[in-house]
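# Descriptive analysis of the structure
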Amino acid sequence: MTGSDATDVHPRGCFITFEGGEGAGKSTQINLLAERLDAEHIRALVTREPGGSPGAEIIRHIILSGMGKLLGPEAETLLFAAARDDHVHSVIAPALAQGIWVLCDRFADSTRVYQGKVGQVDARLLSSLERVTIGCLRPDLTVILDLPVEDGMKRAAARRGADAPDRFEAEDISFHQKLREGYREIAASEPERCILIDASGTQEQVAEKVWAAVQGRLIETAHAAQVNPA
Ligand code: Z5A
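The rules behind each value
- Residues numbered from 1 in each chain as written.
- Predicted model: local features only at pLDDT ≥ 70, side-chain atom pairs only at ≥ 80, totals over all residues.
- Heavy atoms only, no water.
- Axes fitted to C-alpha atoms, helices over the stretch in contact; angles between N-to-C directions.
- Helix = DSSP H or I, 4+ residues; strand = E, 2+ residues; numbered from the N terminus.
- Parallel < 35°, antiparallel > 145°, perpendicular 65-115°, else oblique.
- Left-handed = near helix turned anticlockwise from the far one by under 90°.
- Contact = heavy atoms within 4.5 Å.
- Patch = residues over 30% accessible without salt bridge, like charges linked within 9 Å, V, L, I, M, F, W, Y side chains within 5 Å.
- Areas by Shrake-Rupley, 256 points an atom, 1.4 Å probe, with all protein chains shown as cover.
- Salt bridge = Lys/Arg side-chain N within 4 Å of Asp/Glu carboxyl O.
- Near = heavy atom within 4 Å.
- Polar contact = N/O pair within 3.5 Å; in protein donor to acceptor, adjacent residues only side chain to side chain.
- 1 Å grid on protein atoms, 1.4 Å probe; cavity = no way out; pocket = protein on both sides within 12 Å on 5 of 7 lines; lining within 4 Å.
- Sits in = over half its atoms within 2 Å of the grid points.
- Nonpolar A, V, L, I, M, F, W, Y, C, P; charged D, E, K, R; others polar.
- Points joined across faces, edges and corners; volume = space filled by probe spheres on them.

### Examining the packing of helix α5 (residues 73–97) against helix α7 (residues 123–134)
- Contact pair α5 / α7: the axes reach a minimum separation of 9 Å and the direction vectors enclose 20°. Judged by the angle between their axes, α5 and α7 are roughly parallel. α7 is crossed by α5, and the crossing has right-handed handedness. Seen from α5, the contacting residues are E74, T77, L78, A81, R84, D85, V88 and H89; seen from α7, they are L125, L126, L129, V132, T133 and I134.

### Overview of a nonpolar patch on the surface
- Taken together, the side chains of I58, I62, M67 and L70 make up a nonpolar region of the molecular surface, amounting to roughly 420 Å² of accessible area.
- If you list the elements that add at least two residues to the nonpolar patch, you get α3 (54–64) and α4 (67–71).

### Points about the site of the ligand
- The full set close to the ligand counts 25 residues, and K26, T28, R106, T111 and R159 are the nearest of them.
- At 2.9 Å, a backbone N or O of G25 approaches an oxygen atom of the ligand.
- Here R84 contributes a side-chain N or O atom positioned 3.1 Å from an oxygen atom of the ligand.
- When the ligand is considered free in solution it has 1,100 Å² of accessible area, and contact with the protein chains removes 85% of it.
- According to the grid-proximity analysis, the pocket containing the ligand is the largest pocket.
- The set of elements that each furnish at least two residues to the shell around the ligand consists of α2 (26–39), α3, α5, α6 (108–118) and α8 (149–160).
- Looking at the shell around the ligand, the element that brings in the most residues is α6, giving four residues.
- Its residues assigned to classes, the shell around the ligand shows six nonpolar, ten polar and nine charged.

### Some details on the layout of surface pockets
- Taken as a whole, the largest pocket holds about 980 Å³ of empty space.
- Surrounding the largest pocket, 41 residues form its lining, G23, K26, S27, R106 and R159 being those nearest its centre.
- Take the lining of the largest pocket: its biggest share by element is five residues, from α2.
- In terms of residue class, the lining of the largest pocket is built from 14 nonpolar, 14 polar and 13 charged.
- In this structure, the second largest pocket occupies an estimated 220 Å³ of space.
- In this structure, the second largest pocket is lined by 15 residues; those nearest its centre are R112, A123, L126, S127 and E130.
- Looking at the lining of the second largest pocket, the elements that each hand over two or more residues are α5, α6 and α7.

So, in structure tokens, the structure goes:
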């Protein structure tokens, strides 16, 4: 497939989100996927949440410093929503409209799991905020990297070295266990959108599984639509 093929068969870029617990390998895999898409001449933008736009990066700093937690769970949720609103409207939606693929490290499922399932923030508040911030925008594919909690925490600690843990890294093991359950529930309830990938292999083994999902669910589907238009 060439770059022009990719945008021709899919006028709007594909939107892929990566989710999972701490240290699951999202950043690593998103960058490997971007390299693979580049080799296929598919234009892709790598971004992240919270953050991804200048305004949202400022909010990220406030959240990860622990300041948001001091304001309470609802106010911290509003900070995530404000960051997402800016990111979606100034970065994600314009890129997709230009046919650029967007690979986002965490998105709305993180709010559902961290603030909803684990943080117990009212589901009505979460769904109202989701409606305002993302509207009808849904990922075409969500890759959920699944890893035993202890392994993810070990990976994250090794990467962090002597640095202090951030707001979420500092939470205890039961918090991270609930996160894992929350992601597995989402994967089971939305199989058309989500794929749960065992992230315990080597980076290369995991990358092969991610690529197989992207090829099977997005690239081949786009080809089929081109060959057999509705
Ligand atoms: N949050 C929220 O509460 N609500 C929301 O709506 C949103 C987010 C959007 C952002 O943290 C925090 O915000 C996040 C949820 C919350 N909290 N946590 N924790 P972040 O962006 O700073 O961090 P993160 O998203 O959790 O990612 P991470 O911990 O940095 O990990 P990762 O991206 O999944 O993993 P990695 O950096 O690719 O890999 C970690 C290390 O493992 C690294 O040294 C790699 O080289 C190594 N690695 C990667 N893959 C492998 C394999 N396969 N084998 C061995 N080692 C590996």
